[in-house]
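# Observations on the model geometry
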Amino acid sequence: MNGGVERAAEITVVQETVTVTGAVTRDTVLPMFRAIGKADLSRVKTINLERVTTIDSAGTAFIDVMMDRVPGRDACRVIAGGEVSEMLAALHADAGGARRRRRPRLLVRARKKASSAFSILYAYLQLSADVFVLAFFGFFRKMKKRPGATWEQCVRIGVESVMIIGLLSFVIGLILALQSAAQLRQFGANIFVADLLAVSVVREMGPMMTAIIVAGRTGSAIAAEVATMKVTEEMEALTVMGLDPISFVVVPKFHAITLVMPILVTLSIVAAILGGAIVAVNYLDLSPVVFFRQAFNAVGPEEFVMSIVKSLFFAWTIVIIGSFHGFRVTGGADGVGRVTTSAVVASISAVIVIDVVFSMLYLF
Amino acid sequence: MASHAVDVQSLVVEYSGTRVLDGVTCSIDAQNVTCIVGTSGCGKTTLLKTILQLVPAASGSIELLGEDVIEREPEERAELLLQVGVLFQNGALLNSLTVAENIALPLRLHTDLPDEVIARVVREKLEIVNLPGAQNLLPPELSGGMKKRAALARAIVLDPRVVFFDEPSAGLDPVSSARLDMLMLSLKKHLRMTLVVVTHKLSSIFTVADKIVFLDEGHVVFDGTLKAARASDIEVVAHFFDPFEERATEFS
Ligand SMILES: Nc1ncnc2c1ncn2[C@@H]1O[C@H](COP(=O)(O)OP(=O)(O)O)[C@@H](O)[C@H]1O
Ligand SMILES: [Mg+2]
């Protein structure tokens, strides 16, 4: 796999002369680059490339970098055989011995377009499997994605949703408390507004509100981005360059949403309970201390954890459905709009279905 | 080494039942420029993408640089594709990355070159495509012609042996288009690359082509030198190379 005998290259610095021998290619440059980092080039006047067998554009770039480090670059003499000097001039190389790093053998295979309901389900499951496997491997090894991509996605998904989620959750908390306060007052059960609010917000409203907002903002953005990249042939360009589109485009979003969703849900819960507290204090004449103590006692930590787990399922579903619809785009720009809409509708529906499943789990 | 960079035998390609390529047989000589020509919608892009296995073949065989691409496992194919560069119709630069990051992407993926050397390679490639200093621009900030040149720099960054071009001059002004033609000739001459160019721009064909593969209704109707193509008496081919003749007689 390593191109057989990797015709090694060597670099030696003797006083005024740097001698490079062998194949100076993208596969052999790194050790030589390290060597010149340690070597003393301050007296070098000649670079001898006579015994270089092949050179590619990484090789010529390396020679160029080296010449920059030689004092008086212009005075430096480069000796090269006819062939190499020709290659130097043309920046050409024999690209035959290309070596590459091993890629993990994964489930990635041709993602065929599906049409029947069954094959759509199959394609959907296949995409989910690919995303999960790639996301898992991507966590432990430096996968083929852009450095900083996950962080950038965190900012995009998280920071930009903070305001809207906080605000809407606060208002929902307020409304929930107001509606129930009117009822509870009739029975003199004012204090139970805290229980009611805590339970409904932690179990339902927090994860649900967050998921719906994230589906609307991030799910649609993912579908649009994937679809646009598909329409503009960027996905095919990635494939041709040996990059898996899922690793490169979907996995950073998957990682980011996994990190951000619990924070957003927590924020939503806190904001809603604060909204409720305002009503409780001003309208039901409860003291804040009593309200919060009652609220804390109403839900245990395990319920909070359960909510976070649930919200992660929401989040993953949103990413997978968004990219699934994105990959299914046909046509041009109008197709992008269509799949974006269908991605949002599908992911909100899926969130509700998953919520039903979790509600049944609560029963047991 | 095979003298044919690409060998396509009886290739059939279908899109959900509709046959687009119906038994295409053609070959592409190494270190030559071959133009794939035909009216729009005749399947030129499809042929190109099938050679790269971005579109599956229904039947037939494709040899790329002496290897059967259809039979290959995806990983082996990915390795083979390292020796291939592709210039997609609109460049297909990744919009979220700068020009330099786009060009450096294949190097970062497939080599362990230090950043300083990568930056130098990127600079050299940008000079080759006559786009010096564009490193930090984002693709949306480039004009159509600049995008194509930047994409070409990315396509040749790993010194590929074969480069595929999908309608490189579509949407370009005459000056940019002529420049791109010159660039192609220089890639062939100085870097000894094999070029496969899908185009229907006559001026470009006359400038760059060594060989013509003419597609019509899913078949290859002509496969030969440019000279032979211009002398051909096959109706669609003759008409393509002299589109005004018929009209002229019509109006005279
Ligand atoms: N992804 C696709 N799905 C279905 N049909 C397609 C697809 N891509 C291309 N076609 C059809 O295949 C035919 C050939 O397309 P194409 O290869 O793009 O033509 P050309 O590049 O020669 O203009 C056209 O009729 C087009 O409508
Ligand atoms: Mg086309």
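One structure accompanies this document, and this report is about it.

The next point concerns the overall build of chain B. In terms of regular secondary structure, chain B is built from 10 helices and 10 strands. In terms of overall dimensions, chain B is globule-like: its C-alpha atoms have a radius of gyration of 19 Å, near the 18 Å expected for 252 residues. Expressed as a percentage of the 252 residues in chain B, the buried residues total 55%. Sequence-distant contacts, at least 24 apart, represent 64% of the contacts inside chain B between residues at least 6 apart. Summed over its atoms, the accessible surface of chain B is roughly 10300 Å², and 49% of this surface lies on carbon and sulfur atoms.

So, about helix 6 (residues 192–231) of chain A. All names here are of chain A. The end-to-end C-alpha separation of helix 6 is 55 Å, in line with the 58 Å expected for 40 residues at 1.5 Å each. Most pronounced at V201, the bend in helix 6 amounts to some 55°. Looking at the residues trailing helix 6, positive phi occurs at E233, about 70°.

Residue and element names in this part refer to chain B. Inspection of the region around ligand 1 gives Y15, V20, S40, G41, C42, G43, K44, T45 and T46 as its neighbouring residues. At 2.6 Å, a side-chain N or O of T45 approaches an oxygen atom of ligand 1. Considering ligand 1 on its own, with 560 Å² of exposed area, one finds that the protein chains cover 55% of that surface. Considering each element in turn, the shell around ligand 1 owes the most residues, 3 residues, to helix 1 (residues 44–51). Residues belonging to the shell around ligand 1 are distributed by class as follows: 3 nonpolar, 5 polar and 1 charged.

A few words on the packing of helix 6 of chain A against helix 10 (residues 301–327) of chain A. Two measures define how a pair of helices packs: the angle their axes make with one another and the distance between the axes. Residue and element names in this part refer to chain A. Their axes nearest at 7 Å, the elements helix 6 and helix 10 cross at an angle of 20°. Classified by the angle between their axes, helix 6 and helix 10 sit roughly parallel to one another. In this structure, helix 6 crosses over helix 10, and the sense of that crossing is right-handed. Of the residues that constitute the contact of helix 6 with helix 10, the class distribution is 15 nonpolar, 6 polar and 5 charged.

All names here are of chain B. Read from one edge of the open sheet, 6 strands run 6-7-8-3-9-10, paired in mixed fashion. The outermost strands of the open sheet, each flanked by one partner alone, are strand 6 (84–87) and strand 10 (219–225). The mean inter-strand angle of the sheet, taken between neighbouring strand axes irrespective of direction, is 15°. As defined by bridge partners, strand 9 (residues 211–216) adjoins strand 10 across 6 bridges and the pair is classed as antiparallel. Each residue of the ladder has a partner; that of D216, found in strand 10, is H219. Strands in contact with helix 1 are strand 3 (33–37), strand 7 (162–166), strand 8 (194–198) and strand 9; relative to strand 7, the strand with the most contacts, it is inclined by about 150°. Docked against the sheet, helix 5 (residues 144–155) engages strand 6 and strand 7, running at close to 170° with respect to strand 6.

With that settled, the discussion passes to the pattern of salt bridges. Tallying each qualifying case throughout the model produces 23 salt bridges over all chains. One salt bridge connects B:E14 with B:R19, and the closest N-O pair in it is separated by 3.0 Å. On the accessibility criterion, B:E14 (33% relative accessible area) is partly exposed. We classify B:R19 as partly exposed; its relative accessible area is 47%. Taking the shortest distance from any N to any O, the salt bridge between B:D223 and B:K211 comes out at 3.3 Å. Of the two residues, B:D223 is situated in strand 10 and B:K211 in strand 9; the sequence distance between them amounts to 12 residues. When salt bridges that share partners are traced, they join A:D64, A:D68, B:R120 and B:R123 into one network.

Below, the discussion takes up helix 2 (residues 57–69) of chain A. The periodicity of an α-helix, 3.6 residues per turn, causes residues three or four places apart in sequence to face the same way. Given a rise of 1.5 Å per residue, 13 residues ought to cover 18 Å, and the 19 Å separating the end C-alpha atoms of helix 2 of chain A matches this to within 8%. Among the residues of helix 2 of chain A, the N-terminal cap falls to A:D56, whose side-chain oxygen and the backbone nitrogen of A:A58 are separated by 3.1 Å.

What follows deals with the pairing of strand 7 of chain B. All names here are of chain B. Counting buried residues along strand 7, 5 of its 5 residues qualify, which places the element largely inside the surrounding structure. Here strand 7 shows two buried faces, one formed by V162, F164 and D166 and the other by V163 and F165. Where strand 6 meets strand 7, 4 bridges bridge the pair, whose relative direction is parallel. Residue pairing across strands places G85 opposite V163, the latter belonging to strand 7. Alignment of strand 7 against strand 8, held across 5 bridges, turns out to be parallel. The partner of F164 across the bridge, within strand 8, is V196. Crossover handedness for the path strand 7 to helix 6 (residues 174–191) to strand 8: right-handed.

On to the environment of B:G224, then. Residues and elements named next belong to chain B. Along the chain, G224 falls in strand 10. In sequence terms G224 and K211 are 13 residues apart; their C-alpha atoms lie 5.5 Å from each other. Dropping the residues within four chain positions of it, G224 is found in contact with K211 and I212.

What counts as what
- Residues numbered from 1 in each chain as written.
- Chains lettered and ligands numbered in written order.
- Predicted model: local features only at pLDDT ≥ 70, side-chain atom pairs only at ≥ 80, totals over all residues.
- Heavy atoms only, no water.
- Helix = DSSP H or I, 4+ residues; strand = E, 2+ residues; numbered from the N terminus.
- Rg over C-alpha atoms; globule rule 2.2 N^0.38 Å.
- Buried < 20%, exposed > 50% of the residue type's maximum accessible area, 1.4 Å probe, protein only.
- Contact = heavy atoms within 4.5 Å.
- Areas by Shrake-Rupley, 256 points an atom, 1.4 Å probe, with all protein chains shown as cover.
- Expected span 1.5 Å × (residues − 1).
- Bend = angle between axes of the 7 residues up to and from the residue.
- Near = heavy atom within 4 Å.
- Polar contact = N/O pair within 3.5 Å; in protein donor to acceptor, adjacent residues only side chain to side chain.
- Nonpolar A, V, L, I, M, F, W, Y, C, P; charged D, E, K, R; others polar.
- Axes fitted to C-alpha atoms, helices over the stretch in contact; angles between N-to-C directions.
- Parallel < 35°, antiparallel > 145°, perpendicular 65-115°, else oblique.
- Left-handed = near helix turned anticlockwise from the far one by under 90°.
- Pairing = 2+ DSSP bridges.
- Salt bridge = Lys/Arg side-chain N within 4 Å of Asp/Glu carboxyl O.
- Right-handed = clockwise from strand over helix to strand, strands pointing away.

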